[in-house]
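# Inside the fold
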Amino acid sequence: ATRVSAPSNLSVKQSAGHAVVVVADSAVDFATTCFYVSPIGDEDSEHRRHSDLFLNHIVVPAVAEFGLNIVRADQIGEAGMITKQIIEHIVRAKLVIADLSFHNPNVFYELAIRHACRLPTVQIIRESDRIPFDLGQVRTVRVDDSSIYTLVPQLETYKSEIANQVRKALEEGTNAENPISVFFP
């Protein structure tokens, strides 16, 4: 990856054949941050392509009207302990959107931390994945990405569903309902 010049608080990473990603290098304004928790995987892996597709073409447009800056773990550009930075984003971000696709254990771990904090969360998942029992009672946006012919015609619907979930989650604020808040009020 090569570095290109940008304002002092941002850097731009550019890799051949990949989209440009803006990465925050300084203090984060968590009041305007949406942390996107998803399986990331290695560059050019199925998980990375999935995460990039959902992030760039569904989640970012869906959240645009709320004025939130979306950050994924691999976009945190600060030096230091990665796990600490991820947990800081999980507990301090205004909103977390969790992609449960591929049943990634890190995603479930990070979602559990967010649930324990009783903060706003939106869940999404591929149609082909089963929602785990403990999360089955939480509204989850299901995205059929089985083929381009099922995905593309429904993109606006998925964005709208996510935007509606974001709106509701932000209205709930610290009263966010999740399995922990319901059973241990």
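In case you missed it, the structure is sitting above this.
My aim in this report is to walk through the structure given alongside it, one point at a time. Bear in mind the structure is a predicted one, so any value in this text is a computation, not a measurement.

## Re the overall build of the protein chain
- The secondary structure content of the protein chain amounts to six helices and eight strands.
- Ordering the α and β elements of the protein chain from the N terminus gives β-β-β-β-α-β-α-β-α-β-β-α-α-α.
- For the protein chain, the residues scored as buried account for 40% of the 185 residues in total.
- Here the analysis covers contacts within the protein chain between residues at least 6 apart in sequence; of these, 62% occur between residues at least 24 apart.

## What about the packing of helix H1 (residues 46–63) against helix H5 (residues 155–172)?
- Where H1 contacts H5, the axes come no closer than 8 Å and their chain directions differ by 45°. With respect to H5, the axis of H1 lies oblique. Handedness of the crossing formed by H1 with H5: right-handed. Across the interface between the two elements, His 57, Ile 58, Val 59, Pro 61, Ala 62 and Val 63 of H1 pack against Leu 155, Tyr 158, Lys 159, Ile 162, Ala 163 and Val 166 of H5.

## Focus on the sheet that holds strand S7 (residues 121–126)
- One open sheet holds the five strands; their spatial order is S5-S4-S6-S7-S8, and the pairing between them is parallel. Since the sheet does not close on itself, it has two edges, and those belong to strand S5 (69–72) and strand S8 (140–143), each with one partner. Here the strands of the sheet are splayed against their neighbours by 25° on average, with no regard to which way each runs.
- Sheet topology note: the strand S4 (residues 33–37)/strand S6 (residues 95–99) ladder contains four bridges and is parallel. Of the residues in S6, the one forming a bridge with Tyr 36 is Ile 97.
- Set on the sheet, helix H3 (residues 105–117) makes contact with S4, S6 and S7; between it and S7 the angle comes to about 160°.
- Against the sheet, H5 contacts S6, S7 and S8, and its axis sits at roughly 165° relative to S8.

## Side note on the environment of Gln 85
- With respect to the helices and strands, the residue Gln 85 is situated in helix H2 (residues 82–92).
- Gln 85 sits 12 residues away from Ala 73 along the chain, and the two C-alpha atoms are 8.2 Å apart.

## A few points about the pattern of salt bridges
- The final tally for this structure, using the stated rule, is 10 salt bridges.
- Between Glu 156 and Lys 159 there is a salt bridge, with the nearest N and O atoms lying 2.8 Å from each other. With Glu 156 and Lys 159 both in helix H5, this residue pair falls three residues apart, about one helical turn.
- With a relative accessible area of 57%, Glu 156 lands in the exposed category.
- Given a relative accessible area of 17%, Lys 159 falls into the buried group.
- Residues joined by salt bridges that share partners form a network here, namely Glu 46, Arg 126 and Asp 129.

Conventions adopted
- Residues numbered from 1 in each chain as written.
- Predicted model: local features only at pLDDT ≥ 70, side-chain atom pairs only at ≥ 80, totals over all residues.
- Heavy atoms only, no water.
- Helix = DSSP H or I, 4+ residues; strand = E, 2+ residues; numbered from the N terminus.
- Buried < 20%, exposed > 50% of the residue type's maximum accessible area, 1.4 Å probe, protein only.
- Contact = heavy atoms within 4.5 Å.
- Axes fitted to C-alpha atoms, helices over the stretch in contact; angles between N-to-C directions.
- Parallel < 35°, antiparallel > 145°, perpendicular 65-115°, else oblique.
- Left-handed = near helix turned anticlockwise from the far one by under 90°.
- Pairing = 2+ DSSP bridges.
- Salt bridge = Lys/Arg side-chain N within 4 Å of Asp/Glu carboxyl O.

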